[in-house]
Amino acid sequence: MNGKRITSELEKEIKAGKGCILFDFGCYFPYQEQNNLKFSFSLGVQEMPDIQLDHRYPNKGYVTISRKRGKEKSKIGYPYFVDLKTLPANDPMLLCLHFGIPDEQLQLVFPMLVALTPEKPVCGLSFRMNFVKGNFWFSSHHPMPDYGWSTTIWTNQALNRAGEDEILFTEPARLENSLLYQEIVTPHACTLPKLMLC
């Protein structure tokens, strides 16, 4: 997904000098108990406000995270706006994903480094969890100088997709119900017209 829909939602804040991390998170949970799925995320201890679970993808087996601001709900995911002047340049933040059913909760914790600038104020990070296969992956797209995009994927199981740079997570440390990963997820910064998700 790219183009007019992303631009129309983010343009006002970007023109005002903000940066944006656009999170596109989906969890494949094709069960009758879909309404019981707990799915959210936080940056460190900061819980994301205004999360609403919905079905933005054509495949309704996916539960997706969207941001609701007032009466309006994002159609592109969860845009998280940041102050470019105070965003730490080389200091990773912790991206924590929480999911499960009421009796069984799990948290995945990843270091994430975001390097946004006034010239490249936005980045997109997609996440897919497949409960059936037990795998998950992040992806971020980087516009190429000549044409098209290149994709970086961070995954717990090899996907072996042609033309994509794939980074395999090593075995995480476990702390109670949390899995702590060491590989740093680094979404690619770009200009607003070049921002793409899929």
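Right above here is the structure, for reference.
Keep in mind the model is a prediction, meaning the values are calculated, not measured.

S.K.: Could you clarify how one ought to interpret the overall build of the protein in this entry?
M.R.: Across its full length, the protein holds 1 helix and 16 strands. Here the C-alpha atoms of the protein give a radius of gyration of 16 Å, agreeing with the 16 Å that 2.2 N^0.38 yields for 198 residues. C-alpha extents for the protein along the principal axes are approximately 45 × 40 × 35 Å. For the protein, the residues scored as buried account for 45% of the 198 residues in total. Looking at the protein alone, contacts between residues at least 24 apart form 60% of all its contacts between residues at least 6 apart. Counting only carbon and sulfur atoms, one obtains 51% of the accessible surface of the protein, whose full area is about 10,800 Å². With 21 positive and 21 negative side-chain charges, the protein shows a separation of 10 Å between the mean positions of the two kinds.

S.K.: Just checking my understanding: could you explain the environment of Leu 108 for this structure?
M.R.: Locating Leu 108 in the fold gives a position in strand β9 (residues 104–112). Each C-alpha atom of the pair Leu 108 and Gln 46 lies 15 Å from the other, and the pair is 62 residues apart in sequence. When neighbours within four sequence positions are excluded, Leu 108 is seen to be in contact with Leu 95, Cys 96, Leu 97, Phe 99, Met 129, Phe 136, Leu 179 and Tyr 181.

S.K.: Would you take a moment to explain the pattern of salt bridges for this structure?
M.R.: Pairing between side chains of opposite charge can happen when their charged atoms approach one another. Here the structure, examined in full by the defined rule, presents 6 salt bridges. In this structure, Glu 13 engages Lys 18 in a salt bridge whose closest nitrogen and oxygen atoms are separated by 3.8 Å. According to the relative accessible area criterion, Lys 18 is partly exposed, its value standing at 34%. Taken together, the salt bridges that share partners define one network made up of Glu 13, Lys 18 and Arg 69.

S.K.: What is the right way to read the environment of Asp 91 from this model?
M.R.: Among the structural elements, Asp 91 can be located in the loop between β7 (78–83) and β8 (93–101). Look at Asp 91 and you get partly exposed, because its relative accessible area is 46%. For the pair formed by Asp 91 and Leu 113, sequence separation is 22 residues and the distance between their alpha carbons is 6.7 Å.

S.K.: Teacher, can you tell me more about the environment of Asp 103 here?
M.R.: By the element assignment, Asp 103 lies in the loop between β8 and β9. Considered as a pair, Asp 103 and Met 48 are 55 residues apart in the sequence and their alpha carbons are 22 Å apart.

S.K.: Hey, could you run me through the nonpolar core in this one?
M.R.: Proteins that are soluble and globular tend to have nonpolar side chains buried together. With 38 residues, the main nonpolar core has Phe 23, Leu 95 and Phe 138 as its most contacted residues. Among the secondary structure elements, those contributing two or more residues to this core are β1 (18–28), β2 (38–43), β5 (62–69), β7, β8, β9, β10 (122–130) and β11 (135–143). Setting aside its immediate chain neighbours within four residues, Phe 138 contacts Leu 95, Leu 97, Phe 110, Leu 125, Ser 126, Phe 127, Thr 152, Ile 153, Trp 154, Phe 169 and Val 185. Membership of the second largest hydrophobic core comes to 12 residues, among which are Ile 6, Leu 10, Leu 22 and Leu 197.

Parameters at a glance
Residues numbered from 1 in each chain as written. Predicted model: local features only at pLDDT ≥ 70, side-chain atom pairs only at ≥ 80, totals over all residues. Heavy atoms only, no water. Helix = DSSP H or I, 4+ residues; strand = E, 2+ residues; numbered from the N terminus. Rg over C-alpha atoms; globule rule 2.2 N^0.38 Å. Buried < 20%, exposed > 50% of the residue type's maximum accessible area, 1.4 Å probe, protein only. Contact = heavy atoms within 4.5 Å. Areas by Shrake-Rupley, 256 points an atom, 1.4 Å probe, with all protein chains shown as cover. Lys, Arg positive; Asp, Glu negative; His and termini not counted. Charge placed at Lys NZ, Arg CZ, Asp CG, Glu CD. Salt bridge = Lys/Arg side-chain N within 4 Å of Asp/Glu carboxyl O. Core = buried A, V, L, I, M, F, W, Y, C linked by side-chain atoms within 4.5 Å.

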